[in-house]
Every structure is written in C-alpha cells, then in structure tokens.
Amino acid sequence: MVIDSYFPDSQGGAERIVDGWSREMAGKGHEVCVLAGRIGEGSGPDEERGGYRIRRWSSRRRSFGDGYLSAIFACTRAAGKLAEEWRPDIIHCHQGLSAYAALHAGIPAPAVCTFHSPWRDEFIEDARTREETLSPVIRLLYRLIARLKAARIHHMEGDSLIRCRRVAVLSEFSRDRLAGVHGILPAGIDFLRGGIDLDQFSPAQGERRESIRRQLGFDGLTLLTVRRLVRRMGIDLLLKAMVQICSRVPNVRLVVVGTGSEREGLERMASELGVGSSVRFAGFVPDGELPDYYKAADLFILPTRSLEGYGVSTLEALASGTPAVGTPIGATPGILAPLEEGLIAQETSPQGISKAVLPWLLFPSALADLRPRCRSYAEENFRWSDAGDLLENFYRRVISDSKGIG
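Remember, it's a predicted structure, so these values are computed and weren't measured experimentally.

1. Things to note about the overall build of the chain
Consideration 1: Helices and strands together make up the secondary structure of the chain, namely 15 helices and 13 strands.
Consideration 2: Expected size for 406 residues packed as a compact globule is a radius of gyration near 22 Å; at 21 Å, the chain falls within 12% of this value.
Consideration 3: Oriented by its inertia axes, the alpha-carbon framework of the chain measures out at about 60 × 55 × 40 Å.
Consideration 4: For the chain, the residues scored as buried account for 56% of the 406 residues in total.
Consideration 5: Intrachain contacts of the chain at a sequence separation of at least 6 include 70% that bridge at least 24 residues.
Consideration 6: Approximately 17700 Å² of the chain is accessible, and the part contributed by carbon and sulfur atoms is 51%.
Consideration 7: Averaging the coordinates of the 52 positive side-chain charges in the chain and doing the same for the 51 negative ones gives two points 4 Å apart.

2. Brief notes about helix α4 (residues 119–131)
Consideration 1: Taking 1.5 Å of rise per residue, the 13 residues of α4 would be expected to cover 18 Å, and the 18 Å separating its terminal C-alpha atoms lies within 8% of that figure.
Consideration 2: Those residues of α4 lying buried are W119, D121, F123, E125, A127, T129 and E131.
Consideration 3: On its buried face, α4 sits against α3 (96–102), α5 (136–163) and α6 (172–182).

3. Notes on the layout of surface pockets
Consideration 1: Quantified by volume, the second largest pocket comes out at close to 540 Å³.
Consideration 2: The wall of the second largest pocket is formed by 25 residues, among which E31, W86, P88, D89 and I90 lie closest to the centre.
Consideration 3: Residue assignment for the lining of the second largest pocket shows that the elements contributing at least two residues are α1 (13–27), β2 (33–39), α2 (69–85), β5 (91–93) and α15 (384–400).
Consideration 4: In terms of residue class, the lining of the second largest pocket is made up of 17 nonpolar, 3 polar and 5 charged.

4. As for the packing of aromatic side chains
Consideration 1: Evaluation of the coordinates by the stated rule reveals 7 aromatic pairs.
Consideration 2: Look at F201 and Y294: their rings are 5.6 Å apart centre to centre, the planes differ by 75 degrees, and that puts the pair in the edge-to-face class. Residue F201 is located in the loop between β8 (189–191) and α7 (206–216), and its partner Y294 is located in helix α10 (residues 290–296); the two are separated by 93 residues in the primary sequence.
Consideration 3: When its relative accessible area of 3% is taken as the criterion, F201 is described as buried.
Consideration 4: Consider the rings of Y294 and F300, whose centres lie 5.8 Å apart with planes at 45 degrees: the pair is tilted. Comparing Y294 with F300 shows no difference in burial state: the two are buried.
Consideration 5: Aromatic rings pair up to connect F201, Y294 and F300 into one cluster.
Consideration 6: Lying over the aromatic face of F7, R49 brings its terminal NZ or CZ to 4.3 Å of the ring centre.
Consideration 7: We note R53 situated over the ring of W86; from NZ or CZ to the ring centre the distance is 5.3 Å.

Definitions and limits used
- Sequence positions are assigned chain by chain, starting from 1 and proceeding in written order.
- Predicted model: local features are reported for residues with pLDDT of at least 70 only, side-chain atom pairs are reported and counted for 80 or more only, and whole-chain, interface and lining totals are derived from all residues.
- For the side-chain quantities, the full set of heavy atoms in the structure was used; hydrogens and water were omitted.
- A run of H or I in DSSP becomes a helix once it reaches four residues, and a run of E becomes a strand once it reaches two; helices and strands are each numbered from the N terminus.
- The atom set for the radius of gyration is the C-alpha atoms, and the globule formula is 2.2 Å times the number of residues raised to the power 0.38.
- Buried means the residue's accessible area, taken with a 1.4 Å probe over protein chains only, is under 20% of the maximum for its type, while exposed means over 50%, and partly exposed covers the values in between.
- Here a residue-residue contact requires only that any non-hydrogen atoms of the pair lie within 4.5 Å.
- Accessibility throughout is a Shrake-Rupley quantity obtained with a 1.4 Å probe, and a residue counts as covered only by protein chains that appear here.
- Positive charge is attributed to Lys and Arg, negative charge to Asp and Glu, and no charge count is given to His or to the chain ends.
- The atom standing in for a charge is NZ when the residue is Lys, CZ when it is Arg, CG when it is Asp and CD when it is Glu.
- The span you would expect from a helix comes to 1.5 Å times its residue count less one.
- Cavities and pockets are found on a 1 Å grid laid over the protein atoms alone: a cavity is a set of points where a 1.4 Å probe fits but cannot escape, a pocket is an open set with protein on both sides within 12 Å along at least five of seven lines, and a lining residue has an atom within 4 Å of such a point.
- Grid points are joined across faces, edges and corners, and a volume is the space filled by probe spheres set on the points.
- Side-chain classes follow a simple rule in which Ala, Val, Leu, Ile, Met, Phe, Trp, Tyr, Cys and Pro form the nonpolar group, Asp, Glu, Lys and Arg form the charged group, and the remainder, Gly included, forms the polar group.
- Here a pair means two rings of Phe, Tyr or Trp (six-membered ring of Trp) with centres within 6.5 Å. Their orientation is stacked below 30 degrees between planes, edge-to-face above 60, and tilted elsewhere.
- By definition here, charges over rings are those cases where NZ of Lys or CZ of Arg is within 6 Å of the ring centre and within 35 degrees of the ring normal.

Below, the structure is given as structure tokens:
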C-alpha cells in the first residue's frame, strides 16, 4: 500500500480505508506493508499496526517551489529500497504524489490504484480559499502559480493511472469523476468496497450512553460533525444552518470535531451569526476517543460542499447507531438513500441542511426509531470481512491478467 501520509500524522478517509484493507489482508495470511510519507521528521524504524508493517519516508515541506521534488525523490528511494528487501506481488497506490513516485521506482510488480478523489480538483478548492486571504497584487501572482501547479499535479496523477494495471473506485461518484477528469473508460474501472470496524464503532444504550454524554459534556439534543476544517467540507454552511435550527430547537448543540486552516474564521463566524454559545469546536480527537462522540450524538451532519469521494465518517456514525444527514454531494446519496431518503438534503445550502435536519429534531421519536436501523444497515453492507474478500479477489485477477487499462 502506498499513501502520501498516514496515522497518526493524518486521519482522513483514505487512511482509514488503507488501514482496514491492510488489516483484512494481513488477517488472511498475506504480508502487507504500508509505505507512507511524512514531512520534516526522520523515517525511523518500521512500525507494526494491526498485523501489518508501516515504513515511513520523509521529505522537506512539499511546496510548489521545489515541484514536490524532495518528496518524489524520498518516496522513490524508499519504494526501491523496500522492493529490494521484500519483493511485493502487487503495489496498491492511493494518492497522487506517492503513487507517481512509487511507480517510477522500477519495481517489477503489477500496480493498481484506488481513485479516492481528483487531486487537481482538491488542490483548486483549497487554493481558492487561500487566494481569498491575499492582497490583490499577490492574489494575481498566486493564481498564476496555482494554475501551473494544478496542471502539473493533473499530469502526475494521469501518468500514475496509465502505469497501473487496473484502477478502482469506492463509489459511482468517484467513477464518474475519474472518467470525466482522466477519460478512463468504465470498462477499465473496478468497484471495491470499504468497511467499518463494527466493534470499534458500535451503539451505546441506556445508562452507558448517558454516562458517555456526561463525560463529553453533551447536554440536550447534540449534532455532531467530524471534518477537516477547510472550505470544501462545508462547515460554514452548517454554521449558517444552525441559525434556523436554533430558532426552532433552542436546546440544540453542535459539536465540531477536527482541525484545519479555517478554524479561527469559523469560530468567528459562529459568534457573528449569534450561535457561538450553541457550537463547540472540539479540535483534534484521538482515534481511541472518537467512537464515544459518535455514540453520544443524536444526529451526525455531513455538510460537504464538494468532492465527497466516499464518506467514512458517515459510515462510522451509522455503525454507532447515529443517523446521519448529508448534502447531495458525491458518494453521500449512494450511502444514505438506501437507508432513508429523508436523510439527504435537497440542496447544498444552509437552507437545504436546516430543512433536512429539523424534522428529525422536531420529532425525536422518529430519530430514536431510526437508530437501530442505522446499525443494521452498517452491519449488512459495510463489513470489513466482505470488503477484504473483494479486495483479495481483485488482487488475484490483476496478478493473473497481463492487460492494462489503456
């Protein structure tokens, strides 16, 4: 498995998918090594996690100034050295930078890629947010540099995909984006499944749940979102929706778990909107403590503005017996619609979010009735064992098939 960064440095959806798949493959008796990058820290000795190995590669800050060269060289060297020590049967890439490097290391093994989300589109979204903070003169220069960088990373991602024997996705949304962005025909795209740790993320009942709520300081109806605090995650939309929600349900509270560059601005926005006392920014929550937040919440909100390639946090909420409302973006409708159409907002706006959330808060008995259905839905559709079986069969087909995707 090859990925740009990994636990504990980053804890996004791709990292959780890699961890789950790696555990499953290791549990089936396969040797698994995750090759992961980090910035500014020494690589150190190999680590063990869940029955598999992690090897780190380290680089300087990944800036456009050096064209990612330090990261590419570091990852390429690490991949080549690892392959000399331990020849893999297959290489599975997950993110553009490390994929580009590893696939240029000359390792004699077939490669596949899981396309989680278009790298260029994510960069452009984040660059727009950064651009808004700059002075007019600097903004023009930054915009030009950003366009050059977007073109470069688009080329790097496309080059990596061409070098792979097969490309896989986790959702129809990702398949459509992959076809649109890189022109890969549907016949060249495989579907894989993610999963949820149903032991780690599980419901709490009765007094146990109340005890967890007291420990976390949850009082009254509690909404939860777990997001990186950047523009495309839509936290600003949710804060604006809270104005309408709080006007109808005065005792409601929102807990925002996560870190990111927009935290200070979002805290200021909550105060200016008059909902500051109803919103708590919990910051970073370690993996070991995160399940309790899901167990204790009454409703999970996924207010994504764009590029929701899968939605691991949504699945974690459902596995915990907590209903989830999401915007009609990316993979979210595909996850929530089979469970309950009313969990999908009709539009990606503060009004759309509030209209989707309020009926559940105003009729808490319906919310309570939905909780066991959420858990059953997760058990039926998102077991890691099923996802691992599918991945293993995918690998076997790739290894035995000499045809590429082009």
